[in-house]
Amino acid sequence: MKLMDLFLARSLSMYLLLQSFVLLILCFHSASMCPKGCLCSHVDGLNVSCSNANLKEIPKDLPPETALLYLDSNQIKSVPNEIFKDLHQLKVLNLSKNFIESIEEHAFKGVAESLQTLDLSNNKIKSVHRDTFSKLKARAQFSDNPWHCDCTLQQVLHSLPSNHETANNIICETAVLEEHMGKSFLSTANEADLCNLPKKTTDVAMLVTMFGWFTMVISYVVYYVRQNQEDARRHLEYLKSLPSKQKKPEELDDISTVL
């Protein structure tokens, strides 16, 4: 019995040692794959934290099993196409407090389905391609960016699941209509359909043009009639001003004879 207990105790010790060894290998593997300047840990999946790392671009050697990625408070200026394409387990992506000005159309290809939270607040984004977030299911944060409010932005927000909340947090720094500048995009969208503005503007321009032509034609007709009336009046006055035709002496003698 003691021999069996000793065997079980040694087996348990070996099992715990082996488990620790496996965990150590996994941790070492994750640490060895961690991008330079970042910290990696396992919390609800692989957590890659690159906050305040003085990064000028998004690392290209991110571990494929990354679930949470923090790239906030860096000097990143752009999000290139398919930069996250291999991160199929990515749930949280924080790109806030950078200098991002451009986000390419296919920047989120590969993570659009898995991503749950996307933070792009506090950047330099003015506009993006209308299909950049078309397949994204994440709750997005776009506040504190110098957005240009136009039809494209309206289409971008329409494709997001949390569009109402997102639109309310976007302030129009510039806009197709000056009266929308400084307002939240939500109130702007409620006031006017920005994608119909060009059509309305064209319709108004056409109506103004037609009215101008109509006014010009009427003015010409009125001028023509008045000019003819003036010419006729002058001609009549001229005829009236002519001396009356006097009768000949022979005609007067004939009249006297008859009488």
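Residues numbered from 1 in each chain as written. Predicted model: local features only at pLDDT ≥ 70, side-chain atom pairs only at ≥ 80, totals over all residues. Heavy atoms only, no water.

**As for the sheet that holds strand E7 (residues 117-119)**
Link 1 in the chain: One open sheet accounts for 6 strands, arranged E1-E2-E3-E5-E7-E8; its pairing is mixed. Here the strands that pair on one side only, and so sit at the sheet edges, are strand E1 (39-42) and strand E8 (139-141). Looking at each pair of strands side by side, their axes are set apart by 15 degrees on average, direction ignored.
Link 2 in the chain: Alignment of E7 against E8, held across 3 bridges, turns out to be parallel. Looking at the pairing, Thr 117 lines up with Arg 139 of E8. (Pairing = 2+ DSSP bridges. Helix = DSSP H or I, 4+ residues; strand = E, 2+ residues; numbered from the N terminus. Axes fitted to C-alpha atoms, helices over the stretch in contact; angles between N-to-C directions.)

**Brief notes about the UniProt feature "domain: LRRNT" (unreviewed entry) in the protein**
Link 1 in the chain: Sequence positions flagged by UniProt for "domain: LRRNT" (unreviewed entry) are, in local numbering, residues 33-68.
Link 2 in the chain: Strand forms 31% of residues 33-68 and helix 3%; the C-alpha atoms that close the span are 15 Å apart. (UniProt positions renumbered as here; feature names shortened; annotations may be inferred.)

**Describing the environment of Ala 107**
Link 1 in the chain: Among the secondary structure elements, Ala 107 is positioned in the loop between strand E6 (102-103) and E7.
Link 2 in the chain: Accessibility expressed as a relative area gives 0% for Ala 107, which makes it buried.
Link 3 in the chain: Sequence separation of Ala 107 and Ile 83 is 24 residues, and the distance between their C-alpha atoms is 6.2 Å.
Link 4 in the chain: Among all residues touching Ala 107, those that are not within four sequence positions of it are Val 79, Pro 80, Asn 81, Glu 82, Ile 83 and Phe 84. (Buried < 20%, exposed > 50% of the residue type's maximum accessible area, 1.4 Å probe, protein only. Contact = heavy atoms within 4.5 Å.)

**Focus on the environment of Asp 61**
Link 1 in the chain: Assignment of secondary structure puts Asp 61 in the loop between strand E2 (46-49) and strand E3 (66-70).
Link 2 in the chain: Between the C-alpha atom of Asp 61 and that of Ile 83, which follows or precedes it by 22 residues, the distance is 9.9 Å.

**Details of unusual backbone geometry**
Link 1 in the chain: For Glu 82, which is not glycine, the phi torsion reads 55 degrees and is therefore positive.
Link 2 in the chain: Here Glu 82 shows up in the loop between strand E4 (78-79) and strand E5 (92-94).

**Some remarks on the nonpolar core**
Nonpolar side chains in soluble globular proteins tend to end up buried together.
Link 1 in the chain: In terms of nonpolar packing, the biggest core is built from 48 residues, with Phe 84, Phe 108 and Phe 133 touching the most fellow members.
Link 2 in the chain: Secondary structure elements with two or more residues in this core: E2, strand E9 (147-149), helix H2 (151-158), strand E10 (172-175) and helix H4 (185-191).
Link 3 in the chain: For Phe 133, the contacting residues outside a window of four places in its chain are Ile 103, Phe 108, Leu 118, Leu 120, Val 128, Phe 142, Val 156, Ser 159 and Leu 160. (Core = buried A, V, L, I, M, F, W, Y, C linked by side-chain atoms within 4.5 Å.)

**Comments concerning the state of the cysteines**
Link 1 in the chain: The final tally for this structure, using the stated rule, is 4 disulfides.
Link 2 in the chain: The disulfide partner of Cys 38 is Cys 50, and the gap between their sulfur atoms is 2.0 Å. Between Cys 38 and Cys 50, the disulfide has an S-S torsion of 110 degrees and is therefore right-handed. Here Cys 38, found in the loop between helix H1 (2-33) and E1, pairs with Cys 50, found in the loop between E2 and E3; they are 12 residues apart in sequence, far enough to count as distant.
Link 3 in the chain: Using a relative accessible area of 0% as the deciding quantity, one classes Cys 50 as buried.
Link 4 in the chain: With its sulfur 2.1 Å from that of its partner, Cys 151 forms a disulfide with Cys 195. (Disulfide = S-S within 2.5 Å.)

**A closer look at the packing of aromatic side chains**
Link 1 in the chain: Counted according to the given criterion, the structure contains 4 aromatic pairs.
Link 2 in the chain: The structure contains a cluster of three or more aromatic residues connected by ring pairs, namely Phe 84, Phe 108, Phe 133, Phe 142 and Trp 147. (Phe/Tyr/Trp six-rings, centres within 6.5 Å; stacked < 30°, edge-to-face > 60°.)

**Comments concerning the side chain of Ser 114**
Link 1 in the chain: Turning to its location among the elements, Ser 114 is positioned in the loop between E6 and E7.
Link 2 in the chain: Not counting residues within four places of it along the chain, the set of residues in contact with Ser 114 comprises Leu 87, His 88, Gln 89, Leu 90 and Lys 91.

**Digging into the confidence of the model for the protein**
Link 1 in the chain: For the protein, per-residue confidence averages 79 on the pLDDT scale, and 66% of positions sit at 70 or higher.
Link 2 in the chain: For the stretch residues 20-31, pLDDT sits under 50, and the model shows 4 contacts to residues farther than four places along the chain or on other chains.
Link 3 in the chain: Here residues 200-204 scores under 50 on pLDDT; set against residues more than four positions off or in separate chains, the count is 0 contacts. (pLDDT = per-residue confidence, 0-100.)

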